[in-house]
Amino acid sequence: MAAELSFEQAPPLSVPLRFFFTAPLFVLAAGLLLVLRGEAVFASRWTPEALAATHLLTAGTMLQIMLGALFQVLPVAAGANVVQPRLLAGLVHLALSAGGAALACAFLWSDALFFHLAAGLLGLAVAALVLGVSAGLWRTPALGATVWGLRGAMLALVVTVGLGAALALVRSGDLGGGWMALSTLHQAWGLGGWAGLLLVAVAWLVVPMFLLTPSYPLLFTRGLPAAIGAVLIIGSLVMATPAGWGGGWAERLLAIGLALAAAAFAWATLALQRRRRRKITDACFRFWRLAMLALMLVAGLLAASATGLAPDAGLGPQLGVLALAGVFLSVMLGMLYKIVPFILWLHLRRKVNRPPAMTRLITEERQLLHYRLHLANLLALLLATLWPPTAVAGGLLLAASGGLLLANLAGALRAYLAVEQAPAVALP
Amino acid sequence: MAEQAGDGAAGAPRVIDARDMVPPEPMERTLEALDFLERGEELQLWLNREPFPLYRILNTNGYAYRTEYIEDDGRFIVHIRHAGH
């Protein structure tokens, strides 16, 4: 009977997968950029190459994976349906992919047309997404910290892309001045607000679920997102006052506030991991542990920069590498290797009575191989921030990481299609 | 303890304690158990979260469910029966 059960409300397979299969291409592009122009990428956070690489990883990779996951997570975790998921995902994915590529081109060639294109396309992607999911996300009967975290993350995404569009217009010469303050806010809302709130909201759910840890304390799951929101709003208001603008108070407040939130979340997650109910140290566990250790370092560097303990010049690239590759890429890789087989398994259940075990769609060995490659990549990138000539190695490893992700996802899809088309055939 | 068979006709429900299982094992075990759920019998699923995807499957396949939240240990108990029983 199980095979006859209806799964009609699950989003179609193509909805999340199109995002997950595009993300590795942006990782590959970022790796290629590091190979070709690595010294310029690591010379300063403000070089066109550094900005292009940063946005290939954020607006390219992270946004693809996070929005793809959101299409899947909203109905599953929050009971919130997405309006016309196939159509919406098609539009968002197209605008996001073209917008991410246009943004990298805009930085590399300082071209106003590309900046206009990027701002328009990324703005369109986010506007369509917000319109499509808002009704479900605000009306869902589901309660709890995850739903509130997702709502906050969506609002922060709108602010981030709005600030990003303003920055693009400053770069293209349409708007004047104030870009330093705008850029600080763009980074704080993007990494602390959108990505940070999404990370914690999803963590409340997936860390106990997949790593078999106890739940986060209820007060913590409510307090931490509220504190992050308060830091961002107060920091932005201080930034808007004349004293905040010139004196660096807003930057300090944002840096220290977000550093405290990051340290608290990393510490809480590592503490839960030590208390997990089944002592399985799989690849997903390792990716999360690495991410939380990197987040601790991010918190330390952020606090050091705000209190003047560290020279500012060298911190940018190290913070960038630790936050983007160390924290977010680690978590996303670990989660993709859990989520993609799970989605494929769910869809296989519609067609096959006894689908193969989820763990056979992407084997643990392949995931561990990627973990080790990713760890080597992170170390190489950190070394490149101290000694830029090694950026080529970091770039090659980053490109290899993108390639391996694509190969592993494609392998899982092939296994899915083999079972779907010939249910009697056993997997190799 | 993963699964405890109840005493059947005596009325003790069959319980799937899925709190220490990694997805998709809880859903897999539940769907398997539904194959053998008799009319009037209750299946209990214990989890540390609400299983929204499972709710949909239950709704569209003629099962009724009621979810109970145990505040002491943060456990959700999903009581499942055939609809109308």
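Going by the annotation in an unreviewed UniProt entry, the name recorded for chain B is TusA-related sulfurtransferase, with Azoarcus indigens given as the source organism.

Draft legend 1. The overall build of chain A, seen in detail. Regarding its fold elements, chain A presents 13 helices and zero strands. Listing the helices and strands of chain A from first to last along the sequence gives α-α-α-α-α-α-α-α-α-α-α-α-α. In summary, chain A has a C-alpha radius of gyration of 21 Å against a globular reference of 22 Å for 428 residues, a match within 12%. Here the C-alpha coordinates of chain A stretch approximately 70 × 45 × 45 Å along the principal axes. The burial tally for chain A puts 57% of its 428 residues in the buried class. A separation of at least 24 residues holds for 76% of the contacts in chain A among residues at least 6 apart in sequence. Put simply, chain A shows about 17200 Å² of open surface, and 71% of that area lies on carbon and sulfur atoms. Each charge class in chain A can be summarised by its mean position, and for the 26 positive and 12 negative side chains these summaries are 12 Å apart.

Draft legend 2. Summary view of the side chain of Thr146(A). All names here are of chain A. In this fold, Thr-146 is placed in helix α5 (residues 145–171). Given the relative accessible area of 13%, Thr-146 is considered buried. Side-chain polar atoms of Thr-146 contact the backbone oxygen of Ala-201, separated by 3.1 Å. Setting aside residues no more than four positions away along its own chain, Thr-146 makes contact with Ala-201, Trp-204 and Leu-205.

Draft legend 3. Region of the structure containing the environment of Leu169(A). If you trace the backbone, Leu169(A) turns up in helix α5. Sequence separation between Leu169(A) and Gly300(A) is 131 residues, and the spatial gap between their C-alpha atoms is 33 Å.

Draft legend 4. Layout of the packing of aromatic side chains. All names here are of chain A. Tallying each qualifying case throughout the model produces 13 aromatic pairs over all chains. Taken together, a centroid distance of 5.3 Å and an interplanar angle of 85° make the contact between Trp-46 and Trp-179 edge-to-face. With Trp-46 in the loop between α1 (14–43) and α2 (48–78) and Trp-179 in helix α6 (residues 179–211), this residue pair connects regions lying 133 residues apart in the sequence. Here Trp-46 falls in the partly exposed class, since its relative accessible area comes to 30%.

Draft legend 5. Region of the structure containing α1(A). For α1(A), with 30 residues, the first-to-last C-alpha span of 40 Å sits near the 44 Å given by 1.5 Å per residue. Within α1(A), the axis deviates most sharply at Arg37(A), by approximately 100°.

Draft legend 6. Here's a closer look at the pairing of strand β4 (residues 63–70) of chain B. All names here are of chain B. Across eight bridges, β4 lies against strand β5 (residues 75–82) in antiparallel orientation. Residue pairing for β5: Tyr-63 is matched across the bridge by His-82. Here β4 folds back onto β5 in antiparallel fashion, the turn holding four residues, of which Gly-74 has a positive phi close to 65°.

Draft legend 7. Examining unusual backbone geometry more closely. Look at the link from Pro23(B) to Pro24(B): it is a cis peptide, with omega at 5°. Here Pro24(B) lies in the loop between β2 (14–17) and α1 (25–35). Unlike most non-glycine residues, Gln84(A) shows phi in positive territory, near 45°. Along the chain, Gln84(A) falls in the loop between α2 and α3 (85–109). Judged by its relative accessible area of 53%, Gln84(A) is exposed. At Leu212(A), a residue that is not glycine, the phi angle is positive and equals roughly 55°. Here Leu212(A) is to be found in the loop between α6 and α7 (218–240). When its relative accessible area of 2% is taken as the criterion, Leu212(A) is described as buried.

What counts and how
- Residues numbered from 1 in each chain as written.
- Chains lettered and ligands numbered in written order.
- Predicted model: local features only at pLDDT ≥ 70, side-chain atom pairs only at ≥ 80, totals over all residues.
- Heavy atoms only, no water.
- Helix = DSSP H or I, 4+ residues; strand = E, 2+ residues; numbered from the N terminus.
- Rg over C-alpha atoms; globule rule 2.2 N^0.38 Å.
- Buried < 20%, exposed > 50% of the residue type's maximum accessible area, 1.4 Å probe, protein only.
- Contact = heavy atoms within 4.5 Å.
- Areas by Shrake-Rupley, 256 points an atom, 1.4 Å probe, with all protein chains shown as cover.
- Lys, Arg positive; Asp, Glu negative; His and termini not counted.
- Charge placed at Lys NZ, Arg CZ, Asp CG, Glu CD.
- Polar contact = N/O pair within 3.5 Å; in protein donor to acceptor, adjacent residues only side chain to side chain.
- Phe/Tyr/Trp six-rings, centres within 6.5 Å; stacked < 30°, edge-to-face > 60°.
- Expected span 1.5 Å × (residues − 1).
- Bend = angle between axes of the 7 residues up to and from the residue.
- Pairing = 2+ DSSP bridges.

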